[in-house]
Amino acid sequence: MNVQIEESWKKHLQPEFEKDYFVKLTNFVRDEYSLHQIYPPGKLIFNAFDLCPFDRVKVVILGQDPYHGPGQAHGLCFSVNDGVQFPPSLVNIFKEIKSDLDIAPPTTGNLSRWGEQGVLLLNATLTVRAHQAGSHQRKGWEEFTDAAIKALAEKKENLVFILWGNYAQRKGAFIDREKHLVLTSAHPSPLSAYNGFFGNKHFSKTNGYLKAHGKTQINW
């Protein structure tokens, strides 16, 4: 199967493309795009991987589902296209960066600049039907993104995995804490941000760890 994904990722994830679940997933996603309004646009499904090749990954932030409103999703978790109003979780992420590192909130919610610095902004599910949150869950995407996390956790060292909320923490439960830094807290959603997301200092902790391991820090 010809999957359009960045070459280094294609090499590491090649076995997945041949598996039954992925063949079924591909057929499902193709049908959905032909019948419904699906986000993100098809060419951006693998945007997180394309912006951040395997060998350049330093940090992984795990999300759950793409945004399901018009013009928001572009293949990066928590990120929205230029000119789109910041969703509440992203507002809180920028608040925490301001509190942690005294960096003023940017004018755009597009986090591509993080991806280009080695932050893999990975949702567990890579597609969604318009206005139907969770509509593409349990169709095979979770197995595929598990394989991506596993490849990173096993083949690389001294990565930072940022797991906000119970869902991300369950998904990253297998990551070796001796080999990588795993940061966990409540989710930045307004429903939970005051239960431990605010004040988690994950952005400065990430940079401290990268610096200690001789890696370039992220300009958040």
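Up top you'll find the structure we're talking about.
A. Quick peek at the overall build of the chain. Counting its regular elements, the chain contains eight helices and six strands. Helices (α) and strands (β) of the chain occur, in sequence order from the N terminus, as α-α-β-α-β-α-α-β-β-α-β-α-β-α. In terms of its C-alpha atoms, the chain occupies a principal-axis envelope of roughly 45 × 35 × 25 Å. Residue burial in the chain is summarised as follows: out of 220 residues, 54% are buried. Looking at the chain as shown, the accessible area adds up to about 10100 Å², and 50% of this sits on carbon and sulfur atoms. With 25 positive and 22 negative side-chain charges, the chain shows a separation of 3 Å between the mean positions of the two kinds.

B. How the structure looks around the packing of aromatic side chains. In this structure the tally under the stated criterion is 20 aromatic pairs. Ring centres of Trp 9 and Phe 49 lie 4.8 Å apart, and the angle between their planes is 80°; this geometry places the pair in the edge-to-face category. Pair noted here: Trp 9 is in helix α1 (residues 7-17) and Phe 49 is in helix α3 (residues 47-51), with a separation of 40 residues, a long-range link. In this structure, Trp 9 and Phe 49 share a single accessibility class: buried. One aromatic cluster is present, built from ring pairs that chain together Trp 9, Phe 17, Tyr 21, Phe 22, Phe 46, Phe 49, Phe 54, Trp 141 and Phe 144.

C. Expanded view of the sheet that holds strand β6 (residues 181-185). Across the sheet, which stays open at both edges, the four strands sit in the order β3-β2-β5-β6 with parallel pairing between neighbours. Unpaired on one side and paired on the other, β3 (119-123) and β6 mark the two borders of the sheet. Across this sheet, the average inter-strand angle for adjacent strands is 20°, counted without regard to direction.

D. Local environment of the side chain of Asp 100. Within the element layout of this structure, Asp 100 appears in helix α4 (residues 88-101). A polar atom in the side chain of Asp 100 sits 2.7 Å from the side chain of Ser 204. Excluding residues that lie within four positions of it along the chain, Asp 100 makes contacts with Lys 201, His 202, Phe 203 and Ser 204.

E. Main features of the packing of helix α2 (residues 20-35) against helix α6 (residues 141-155). Axis separation between α2 and α6 bottoms out at 9 Å; the angle between their running directions is 125°. Regarding the angle of α2 to α6, the classification is oblique. Note on packing geometry: the crossing formed by α2 with α6 is left-handed. Each of Tyr 21, Phe 22, Leu 25 and Val 29 in α2 lies in contact with α6, whose residues at this interface are Trp 141, Glu 143 and Phe 144. Of the residues belonging to the contact of α2 with α6, the class tally is six nonpolar, no polar and one charged.

The rules we used
- Residues numbered from 1 in each chain as written.
- Predicted model: local features only at pLDDT ≥ 70, side-chain atom pairs only at ≥ 80, totals over all residues.
- Heavy atoms only, no water.
- Helix = DSSP H or I, 4+ residues; strand = E, 2+ residues; numbered from the N terminus.
- Buried < 20%, exposed > 50% of the residue type's maximum accessible area, 1.4 Å probe, protein only.
- Areas by Shrake-Rupley, 256 points an atom, 1.4 Å probe, with all protein chains shown as cover.
- Lys, Arg positive; Asp, Glu negative; His and termini not counted.
- Charge placed at Lys NZ, Arg CZ, Asp CG, Glu CD.
- Phe/Tyr/Trp six-rings, centres within 6.5 Å; stacked < 30°, edge-to-face > 60°.
- Pairing = 2+ DSSP bridges.
- Axes fitted to C-alpha atoms, helices over the stretch in contact; angles between N-to-C directions.
- Polar contact = N/O pair within 3.5 Å; in protein donor to acceptor, adjacent residues only side chain to side chain.
- Contact = heavy atoms within 4.5 Å.
- Parallel < 35°, antiparallel > 145°, perpendicular 65-115°, else oblique.
- Left-handed = near helix turned anticlockwise from the far one by under 90°.
- Nonpolar A, V, L, I, M, F, W, Y, C, P; charged D, E, K, R; others polar.

In short, the description is geometric, and any link to function would need to be established separately.
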